[in-house]
Amino acid sequence: MPSLEWLLTWREPLLRAGQVILILFLAWLGQRILTRAISRLAVRYPQLPPELMLPVRGLVRWLILGSAFMLVLERLGVSAQVLWTALTGFAAVAAVAFFAIWSVLSNMFCSLLIFALGPFRIGEYVEVMESADKPGVCGRVIAINLFYTTLEDATGDAPGALLQIPNSLFFQKAVRRWRHGEQPKPRNKEV
């Protein structure tokens, strides 16, 4: 029977294709379920900042897609040993690069801490103090990104000027904070 021979000839490639499709479907389904769970968690706990939920969803998505990609490569005949060797080699290079760009990563990590711990929020007034007797940079927070927090100057020296403060500075210096609706009192100018 010619149809049976054809089936036996294509059995192995069809089985692998079915496994690849199953891996991709399960990865898609797992990613959808986990990102929806994270979104529901953000709705249920409003104290979690929305700025943190977007990177968490992205991290979950990339971890699942990366795992699915490795499983698909393994099913297509790429050796697991080769995959792990490549992965650990990449991790070693990433570790060296991590030390090379420490200040950039420090600001990124501090932005994550600002989002997670919420020492201040957009719209509040903050002052990064130089020391107890010297005033520092003061302004209303208008944006927080991975590297800088942008303040609208509240000192009166340059009204409307925007100040970009590296995020790591908020964890190195004392920070004075005014809650929503409160504004700092104008400074007395020394002559």
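Values in this document were obtained by computation on a predicted structure and should not be read as measured data.

A.B. asks: For this particular structure, what's the right way to read the sheet that holds strand E3 (residues 148–153)?
C.D. replies: To summarise the sheet geometry, strands pair through backbone hydrogen bonds and adopt either a parallel or an antiparallel arrangement. Ordered in space as E4-E3-E2-E1-E5, the five strands form an open sheet in which the pairing is antiparallel. At either end of the open sheet lies a strand with only one pairing partner, and these are strand E4 (162–166) and strand E5 (174–178). Sheet twist, expressed as the mean angle between neighbouring strand axes with direction ignored, is 40°.

A.B. asks: Would you mind going over the UniProt feature "transmembrane region" (unreviewed entry) in the protein chain with me for this structure?
C.D. replies: Listed under "transmembrane region" (unreviewed entry) in the UniProt record, and renumbered for this structure, are residues 20–38, 59–78 and 90–117. The span residues 20–38 carries 100% helix and 0% strand; its end-to-end C-alpha distance comes to 27 Å.

A.B. asks: Looking at this model, I keep getting lost on the nonpolar core. Mind explaining?
C.D. replies: Soluble globular proteins: nonpolar side chains tend toward being buried together. Residues Phe120, Val126, Val141, Ile144 and Phe170 are the most contacted members of the largest nonpolar core, which totals 21 residues. Elements with a minimum of two residues in this core: helix H1 (2–44), helix H2 (50–75), helix H4 (102–117), strand E1 (125–129) and strand E2 (137–144). At six residues, the largest contribution of residues to this core is made by H2. The contacts of valine 126, once residues within four sequence positions are left out, are Phe120, Val137, Cys138, Gly139, Val141, Leu151, Phe170, Val175, Arg176, Arg177 and Trp178.

A.B. asks: Help me understand H2, please; the structure alone is not making it clear to me.
C.D. replies: Each full turn of the α-helix corresponds to 3.6 residues, which orients residues three or four apart in the same direction. For H2, which comprises 26 residues, the first-to-last C-alpha distance of 38 Å matches the rise-based estimate of 38 Å (1.5 Å per residue) to within 8%. Every buried residue of H2 is listed here: Leu52, Met53, Gly58, Val60, Ile64, Ala68 and Val72. Within two residues after H2, glycine 77 carries a phi angle of roughly 110°, on the positive side.

Rules of the game
- Residues numbered from 1 in each chain as written.
- Predicted model: local features only at pLDDT ≥ 70, side-chain atom pairs only at ≥ 80, totals over all residues.
- Heavy atoms only, no water.
- Pairing = 2+ DSSP bridges.
- Helix = DSSP H or I, 4+ residues; strand = E, 2+ residues; numbered from the N terminus.
- Axes fitted to C-alpha atoms, helices over the stretch in contact; angles between N-to-C directions.
- UniProt positions renumbered as here; feature names shortened; annotations may be inferred.
- Core = buried A, V, L, I, M, F, W, Y, C linked by side-chain atoms within 4.5 Å.
- Buried < 20%, exposed > 50% of the residue type's maximum accessible area, 1.4 Å probe, protein only.
- Contact = heavy atoms within 4.5 Å.
- Expected span 1.5 Å × (residues − 1).

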